[in-house]
Amino acid sequence: MRRAALATATAGLLLGAVATAAPASAAGNYGCTGWKQKVNTWSAVCTVRSGQARSVTECSNGKTVYGKWVGRGKWRFGGDCGRYFIVAQDTQGRG
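The shown structure was predicted, so the numbers you read here are calculated from the model rather than taken from an experiment.

Reading guide: rules and limits
Residues numbered from 1 in each chain as written. Predicted model: local features only at pLDDT ≥ 70, side-chain atom pairs only at ≥ 80, totals over all residues. Heavy atoms only, no water. Buried < 20%, exposed > 50% of the residue type's maximum accessible area, 1.4 Å probe, protein only. Helix = DSSP H or I, 4+ residues; strand = E, 2+ residues; numbered from the N terminus. Pairing = 2+ DSSP bridges. Disulfide = S-S within 2.5 Å.

(A) Broad picture of the pairing of strand β5 (residues 52-59). Most of β5 is tucked away: six of the eight residues are buried. As judged from the three bridges shared by β5 and strand β6 (residues 64-66), these two strands associate in the antiparallel manner. Bridged to Glu-58 within β6 is Thr-64. Counting the residues between successive antiparallel strands, the hairpin from β5 to β6 contains four residues, one of them, Gly-62, with a positive phi of roughly 90°.

In structure tokens, the structure reads:
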């Protein structure tokens, strides 16, 4: 399995509980399964059938961290907010 690098946000102070939006895992050209989440990290296994896809992570410090665009294949997507907590996680597809 190929691995897409996990994005890392700037470290800071952990600020409380996790509030997350439900991930949208398929936009027609890719799909994700095996979603796992902790307070400040998340991961999923995504299969890109055509076009490209990437991870998107919103952190409690106001930063949005984007993963690298990847093409066809099976990838591990994820995000890391360091000491901040995850506000939302998602994936994006194009093409």
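(B) Broad picture of the environment of Ile-86. Take Ile-86: it is sitting in strand β8 (residues 86-94). Between the C-alpha atoms of Ile-86 and Lys-38, which are 48 residues apart in sequence, the distance is 8.5 Å.

(C) The arrangement of the state of the cysteines in detail. Scanning the model with the defined rule gives two disulfides in all. The disulfide that involves Cys-32 links it to Cys-46, with 2.1 Å between the sulfurs. Residues Cys-32 and Cys-46 are joined through a disulfide that is right-handed, its torsion about the S-S bond being 110°. Highlighted residues: Cys-32 in strand β3 (residues 30-37) and Cys-46 in strand β4 (residues 41-48), separated in sequence by 14 residues. Residues Cys-32 and Cys-46 agree in their burial class; the two are buried. The side chain of Cys-59 participates in a disulfide bridge whose partner is Cys-81; the two sulfur atoms lie 2.0 Å from each other. On the sign convention where negative is left-handed, the bridge of Cys-59 and Cys-81, at about -80° about the S-S bond, is left-handed. In this pair, Cys-59 sits in strand β5 while Cys-81 sits in the loop between β7 (73-80) and β8, placing the two residues 22 residues apart along the sequence.

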